[in-house]
Amino acid sequence: VDYTTQIQAAINATAGKWLFLNPGIFKTSAPLTLLPNTNMYGIGINGGNKSATLTSCIAPNGNFAAFTDTIGSFSEFDLSNFMVWYSDAVPGAADNTVGFSFTQGSYWHQFSSFKNIVVKGATYVYYDSTGSYMARLERVWGWNCLLGFYKSNGTTFTFDHCYTLGGAQSFQIFNLLTSTLICCA
């Protein structure tokens, strides 16, 4: 079952409110677009093990980012307690599989929080080339992600207890004013 339409409709209907992602494995066939003030949380990450009853899991079925942002708007996100699962294996080559992809030109997210999230089997856990600022990734883990976290441009960005395991590279950070890494690997 493809849940792309249902999850996107829920995101669209709850901007500025809290959206609870039930336990389950939700296959998607296109990126889910985060709108300004998207607040989404799930039941948890179950130690990174995909489970229909013990985790809230977005499972993209293809070569695309699981989440992206809108074009032409400043955004604030609060996302927590779920998993993005592409596969259990490290990708053989870089592709478009990215847990969170923010590349939409001159607009960016601000004052955002990503917390207790696992991304498995993607090229990047988090890819952000915008001027985003005052954002915090806390306990965001990349398992078997080829290139880990990528952040360029922006200011005042915090990675707190973020790590990658099983990939080729953990962090690529440049042109970023005031980045903080706390207990990251």
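Thoughts on the packing of aromatic side chains
- One pass over the full model with this rule turns up 22 aromatic pairs.
- Here the aromatic rings of Y150 and F174 are separated by 5.5 Å at their centres, their planes lie at 85°, and the arrangement is edge-to-face. Here Y150 is found in strand β12 (residues 148-152), whereas its partner F174 is found in strand β15 (residues 171-174), with 24 residues between them in sequence.
- Y150 gets classed as buried once you look at its relative accessible area, which sits at 12%.
- Residue classification places F174 among the partly exposed residues on the basis of a relative accessible area of 39%.
- Plain terms: the ring middles of F157 and F159 are 5.3 Å apart, the flat faces sit at 50° to each other, and that makes the pair tilted.

Things to note about the pairing of strand β13 (residues 155-160)
- Relative to β13, strand β11 (residues 133-143) runs parallel, the two sharing five bridges. When the sheet's bridge partners are listed, L137 is paired in β13 with F159.
- When β13 meets strand β16 (residues 177-182), the two strands line up parallel, connected through five bridges. Bridge pairing in β16 places T158 opposite T180.

Thoughts on the nonpolar core
- Grouped together as the largest cluster of nonpolar side chains are 35 residues, with contacts concentrated most on F67, F82, F100 and F114.
- Broken down by element, the residue count for this core peaks at four residues, all from strand β7 (residues 77-85).
- Not counting residues within four places of it along the chain, the set of residues in contact with F100 comprises F67, L79, F82, F114, I117, V119, V125, Y126 and Y127.
- Core analysis: the next-biggest nonpolar cluster, separate from the first, contains eight residues, C57, A59, W141 and W143 among them.

Structural notes on the pattern of salt bridges
- Per the counting criterion, the structure on display carries five salt bridges.
- A salt bridge links R139 to E138; the shortest N-O distance between them is 3.1 Å.
- Connected via shared salt-bridge partners are R136, E138, R139 and D160.

As for unusual backbone geometry
- Of note in the backbone geometry, R139 takes a positive phi value of approximately 50° without being a glycine.
- If you trace the backbone, R139 turns up in strand β11.
- Judged by relative accessible area, which is 29%, R139 ranks as partly exposed.
- Not every positive phi belongs to a glycine, and H161 is a case in point at roughly 55°.
- Tracing the backbone through its elements, the reader meets H161 in the loop between β13 and β14 (163-165).

Digging into the environment of Q172
- Along the polypeptide, Q172 turns up in strand β15.
- In this structure, the C-alpha to C-alpha distance between Q172 and G148, residues 24 residues apart in sequence, is 7.9 Å.
- Excluding residues within four positions of it along the chain, Q172 makes contact with Y124, L147, F149, Y150 and K151.

Considerations on the sheet that holds strand β3 (residues 32-34)
- Ordered in space as β3-β6-β8-β10-β12-β15, the six strands form an open sheet in which the pairing is parallel. Two strands lie at the open edges of the sheet, namely β3 and β15, each paired on one side alone. Going from strand to strand, the sheet's axes swing by 10° on average, the running direction of each strand aside.

What about the side chain of K151?
- Take K151: it is sitting in strand β12.
- On the basis of relative accessibility, which here comes to 0%, the residue K151 falls in the buried class.
- For K151, the side chain forms a polar contact with the side chain of D128, separated by 3.4 Å.
- Beyond its immediate stretch of four places on either side in the chain, K151 contacts D128, T130, S132, F157, F159, Q172, I173, F174 and L176.

Cut-offs applied
- Residues numbered from 1 in each chain as written.
- Predicted model: local features only at pLDDT ≥ 70, side-chain atom pairs only at ≥ 80, totals over all residues.
- Heavy atoms only, no water.
- Phe/Tyr/Trp six-rings, centres within 6.5 Å; stacked < 30°, edge-to-face > 60°.
- Helix = DSSP H or I, 4+ residues; strand = E, 2+ residues; numbered from the N terminus.
- Buried < 20%, exposed > 50% of the residue type's maximum accessible area, 1.4 Å probe, protein only.
- Pairing = 2+ DSSP bridges.
- Core = buried A, V, L, I, M, F, W, Y, C linked by side-chain atoms within 4.5 Å.
- Contact = heavy atoms within 4.5 Å.
- Salt bridge = Lys/Arg side-chain N within 4 Å of Asp/Glu carboxyl O.
- Axes fitted to C-alpha atoms, helices over the stretch in contact; angles between N-to-C directions.
- Polar contact = N/O pair within 3.5 Å; in protein donor to acceptor, adjacent residues only side chain to side chain.

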